[in-house]
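Spelled out from the first residue to the last, the chains are:
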Amino acid sequence: ADTAPVAALEKVVKTVITGKQFTFNPLKHIAIYNGDVVVIDPQMDLLCDKLTIYFVDKKKAPKKSATPPESGVGVKKKAAVAPMVGLGGNVDRIIAEGDVVIINKKDKTRAEGGYAVYTAKTEVLVLTINPKLFTKQGVLLGKEIEYNRRTGELSAKNAIVENVNKPKPPTKKPPGK
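Predicted model only: the values in this text are computed from it and were never measured.

## A word on the side chain of D41
For D41, the location among the structural elements is in the loop between β3 (30-40) and β4 (44-55). For the buried D41, which has no salt bridge, the nearest side chain bearing the opposite charge is R149, at an N-O separation of 6.5 Å. A polar side-chain atom of D41 sits 2.9 Å from the main-chain amide nitrogen of Q43.

As structure tokens, this is what we get:
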């Protein structure tokens, strides 16, 4: 039996968050990093001035249903997406503020903006305040850039795409030719 895939799944993946100042309040279910915040994660790196992590209040969280899981032929399990910033399933939302830079390690894209909100329940990341997404194809600008981690869908409001290899405007033919 091949145990390599199982061993790979069990591998512990670390996320390291650093900042000049750290505050944790277990009563308010909040952690705040201030000053030159750097998040090193297996999927992405994040840099910002302030990072606020809101944790789920387990007393207020809805209880999971006791219904047995579906079974049978043809039933597919939904592929789970790893938690954002590797903080586990107890994160409610994460807010990054001030000179936000997000670097996707998989495709080397880079997003910049002034404010980013990640909501764990929907797995949607919204970047605002002059957001820009830099890709190999060009730069996406907009009022708001939204990325859905579940579907992989990327959308932008008031979008402008600047192509790296801008096409040349058509040349005017001289009259009579």
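## Let's talk about the environment of R149
Note on placement: R149 falls in the loop between β10 (144-148) and β11 (154-157). When the C-alpha atoms of R149 and L125 are compared, they prove to be 7.7 Å apart, with 24 residues separating the residues in sequence.

## A short note on the confidence of the model for the chain
Looking at the chain as a whole, its pLDDT mean stands at 78, while 68% of the residues score no less than 70. Here residues 64-88 scores under 50 on pLDDT; set against residues more than four positions off or in separate chains, the count is 25 contacts.

## Here's the deal with the packing of aromatic side chains
Summed over the entire model, instances satisfying the criterion amount to two aromatic pairs. Pairing F22 with Y33 gives two aromatic rings, centres 4.7 Å apart and planes at 45°, and the pair type is tilted. Separated by eleven residues along the polypeptide, F22 in strand β2 (residues 21-25) and Y33 in strand β3 bring together distant segments of the chain. Using a relative accessible area of 46% as the deciding quantity, one classes F22 as partly exposed.

## What to know about the pairing of strand β6 (residues 110-119)
Bridge analysis of strand β5 (residues 91-104) against β6 gives nine bridges, and the strand direction is antiparallel. For E97, the partnering residue across the bridge sits in β6 and is Y115. Here β5 folds back onto β6, and the loop between the two strands holds five residues, one of which, K108, carries a positive phi near 65°. Note: β6 against strand β8 (residues 132-134), three bridges, orientation antiparallel. Considered in β8, the bridge of R110 is made with F134. Summarising the sheet, β6 and strand β7 (residues 124-128) pair through five bridges and their orientation is antiparallel. For Y118, the partnering residue across the bridge sits in β7 and is L125. Where β6 folds back on β7, the antiparallel hairpin that results is connected by four residues, among which E123 adopts a positive phi of roughly 55°.

Parameters and conventions
Residues numbered from 1 in each chain as written. Predicted model: local features only at pLDDT ≥ 70, side-chain atom pairs only at ≥ 80, totals over all residues. Heavy atoms only, no water. Helix = DSSP H or I, 4+ residues; strand = E, 2+ residues; numbered from the N terminus. Buried < 20%, exposed > 50% of the residue type's maximum accessible area, 1.4 Å probe, protein only. Lys, Arg positive; Asp, Glu negative; His and termini not counted. Salt bridge = Lys/Arg side-chain N within 4 Å of Asp/Glu carboxyl O. Polar contact = N/O pair within 3.5 Å; in protein donor to acceptor, adjacent residues only side chain to side chain. pLDDT = per-residue confidence, 0-100. Contact = heavy atoms within 4.5 Å. Phe/Tyr/Trp six-rings, centres within 6.5 Å; stacked < 30°, edge-to-face > 60°. Pairing = 2+ DSSP bridges.

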